[in-house]
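As a plain string of letters, each chain reads:
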Amino acid sequence: MSFRTVRLTSKSFFLFSILVLLVFASCKKNVLFIEGREVSTQNLVAPKFGIDPNTLFAESKKIMISTDSIDASKVGLEIYKKGGNTIDVAVASSFAVSVTRPSSTGIGGGGFLVYHHAKSGKSYAFDFRERAPSLANRNMYKGRPKEESLLGYKSVGVPGMVAGLVQIHKKFGRLPLKDVLAPAIRLAEQGFIVYPDLSEAIQESEQDMSPGMKKIFIPEGKIPESGEVLVQKDLAKTLKIISETGDRDFYTGAIAKALAEEVSTNGGAIHFADLKNYKVREEKPLEITYRNYNIRTMFPPSSGVHLFTMLKMLETKELHSMFDFSQSDYYHFLAEVMRRGYSDRAVLGGDPGFTKIPVETLISSEYAKEKISDFNPGKATPSSTYLSRLNLKAESPQTTHISVVDAEGNAVSTTHSINYRFGAAVVLEGYGFVLNDTMDDFSRSPGEPNVYGLIGAEANSIQAGKTPLSSMSPTIVLKNGETFLVTGAPGGSYIVNAVLQSILFSLDLNLTLYESVARGRIHHQFFPDALSIEGPATDTATFNQLKAKKHEVRLGNNMAKLFCVKRENGILYGAADPRGDGIPLGE
């Protein structure tokens, strides 16, 4: 046997070297360096076109902010550098994102906020969501077109955003309110750069917009393109009034009178007394222990209680070994937990001031064990098994979330919304803010079959002063009594399951924070009876194994966008979901 020696010419050696470098470079493109680890991007959702994934995770020592708006994250950091604390940062970012994401949130909407004070170890929860006006009643939309609860003045609930943010700032903030609102006023007055998602949202909502709204968002009849500047002079004027008067003018002064008059004269239910009587609700957050971590979240009508039921069901099994052994078994168990958690939400979800919600039972280990006791490892349980009086409202993904943590472990998790894209599609004339359409979050006609032939739940019926059921679930995780993880998301009915999986990825599967927000996710919301799964979360074998277990598997995008901060070993880690438009920033 003879061997031939192959001699490379200088030219062929050069070409061979280039080929090796290209192969090496392409391999490195599929790896990110996060938290001291090499992380494969194989199971991660890719960022939007043109976005460098390295901008979506960050490390710092003093402060970390993660929002769904680059401008809002910058504002948060700006306020921190001026001496602001975590509440100042969160409130400033909230007002800023109200300017830059008008299709998702705004001062005409509402939200939830959970705050953890590190020194005292106490946590606080605030409900400043929209309320049903005093003239609202269970039959106000009966027999009426669906559009009445979705578009226009009849769909508007009493906004709570300004009251919530101003009162929370007054209680816990450090800087003057004028300083905290100054960046948001600047963004409204001088304008900000339009991003693709906003341009697309304006285009999709153009036909629904009121004439006054079109003047702002479609100036001179032209939809602003990505890269152009959007100015909101009237909104800047309103924010200046708030910076000077707090929430007084908004609820008892000129703004309140203008809002009540415009809504009521156009067929809506809000009157001056509704604004004057608006109250922010403060209570202790709900709390459970999960695998030696303490987790705190919003009280109802947030869906945090159902998040806790699901965590307690999941705690009955060791998830890390299950995931490593068989992803299809893991997804099957997780989907069955989601199905059962969302079935409770459909029947029991509502305002505890108007309906009895057995919270202590729902978050107990005993209830969870009973709830999951009929789990079949080899077969999906049909959702029809749990059919009853249900609230199957489709919630809008047009929401936003902000997470903030400082070096001491003071933490804020807050989620806001105006409900559907651009809310009611009307603005308050002369004041420039979008009004919510949150009345559509109620069961329109309890006792009547909906389009699925199912009965609307009484727990979420319309009543004066009531707050509708919400998926928003801002959550804080403590480890050994100190802040470990702050998580939350916009995304309508996808929110609870996204927050759930961010916790599992961090606590059970020990993934990096960015992986916990970017990893492909699954979603089952009880009805429709289908398991939604993102492409990066599965492969052909896993997909077929889930189908063999009688799941109706649907490949599709997950609508939730997580914005999270983790505090570990003296380092603050921030992550922004690649499905969104924001970034984390820290110092």
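Residues numbered from 1 in each chain as written. Predicted model: local features only at pLDDT ≥ 70, side-chain atom pairs only at ≥ 80, totals over all residues. Heavy atoms only, no water.

### Digging into the packing of aromatic side chains
For any pair of aromatic rings, the description rests on two quantities: the centre-to-centre distance and the angle between the ring planes. What counts, and what does not: Two rings from Phe, Tyr or Trp (for Trp, the six-membered ring) form a pair when their centres sit within 6.5 Å of each other. Planes less than 30 degrees apart are called stacked, planes more than 60 degrees apart edge-to-face, and all others tilted. We count a stretch as a helix when DSSP gives it H or I for four or more residues in a row; a strand needs E for two or more, and each element gets its number in order from the N terminus. Burial classes: relative accessible area under 20% of the type maximum marks a residue as buried, over 50% as exposed, and values in between as partly exposed (1.4 Å probe, protein chains only). Two conditions define a charge located above a ring, namely a distance within 6 Å from the ring centre to NZ of Lys or CZ of Arg, and an angle within 35 degrees of the ring normal.
Inspection of every chain in the model, using the stated rule, returns 13 aromatic pairs. Judged by centre distance (5.2 Å) and plane angle (55 degrees), the rings of Phe-217 and Phe-422 are tilted. With a gap of 205 residues between them, Phe-217 in helix H7 (residues 211-217) and Phe-422 in the loop between strand E13 (411-417) and strand E14 (475-479) connect regions that are remote in the sequence. Phe-422 carries the same exposure label as Phe-217, and that label is buried. Ring centres of Phe-250 and Phe-433 lie 5.4 Å apart, and the angle between their planes is 35 degrees; on these two criteria the pair is classed as tilted. Of this pair, Phe-250 sits in helix H9 (residues 248-252) while Phe-433 sits in the loop between E13 and E14; the two residues are 183 residues apart in sequence, bridging distant segments of the chain. Residue placement shows Lys-566 over the ring face of Tyr-573; its charged tip is 5.4 Å from the ring centre.

### Here we look at the side chain of Lys-466
Filter applied, for reference: Polar contacts, as counted here, are pairs of nitrogen or oxygen atoms within 3.5 Å of one another; within protein the pair requires one atom able to donate a hydrogen and one able to accept it, and residues that are adjacent in sequence qualify only if both atoms are side-chain atoms. Should any heavy atoms of two residues lie within 4.5 Å, those residues are counted as being in contact.
When you line up the elements, Lys-466 lands in the loop between E13 and E14. One polar contact links the side chain of Lys-466 to the main-chain carbonyl oxygen of Ala-459, over a distance of 3.0 Å. Aside from chain neighbours lying at most four places away, what touches Lys-466 is Glu-130, Arg-131, Ala-132, Asp-351, Phe-354, Phe-442, Glu-458, Ala-459, Asn-460 and Ser-461.

### So, the sheet that holds strand E15 (residues 482-487)
The test is simple: Should DSSP find at least two bridges between two strands, the strands are regarded as paired. To define axes, lines are fitted to C-alpha atoms, for helices over the stretch in contact only, and angles between the resulting N-to-C directions are given on a 0 to 180 degree scale.
One open sheet holds the 7 strands; their spatial order is E3-E20-E19-E15-E14-E11-E10, and the pairing between them is antiparallel. Lying at the two open borders of the sheet, with one neighbouring strand each, are strand E3 (57-60) and strand E10 (286-290). In this sheet, neighbouring strand axes are inclined to one another by 20 degrees on average, regardless of whether the strands run parallel or antiparallel. Sitting on the sheet, helix H12 (residues 304-314) touches E10, strand E11 (293-297) and E14, and the angle it makes with E10 is about 15 degrees. Along the sheet, helix H17 (residues 495-507) contacts E10, E11, E14 and E15; its crossing angle with E15, the most-contacted strand, is approximately 135 degrees.

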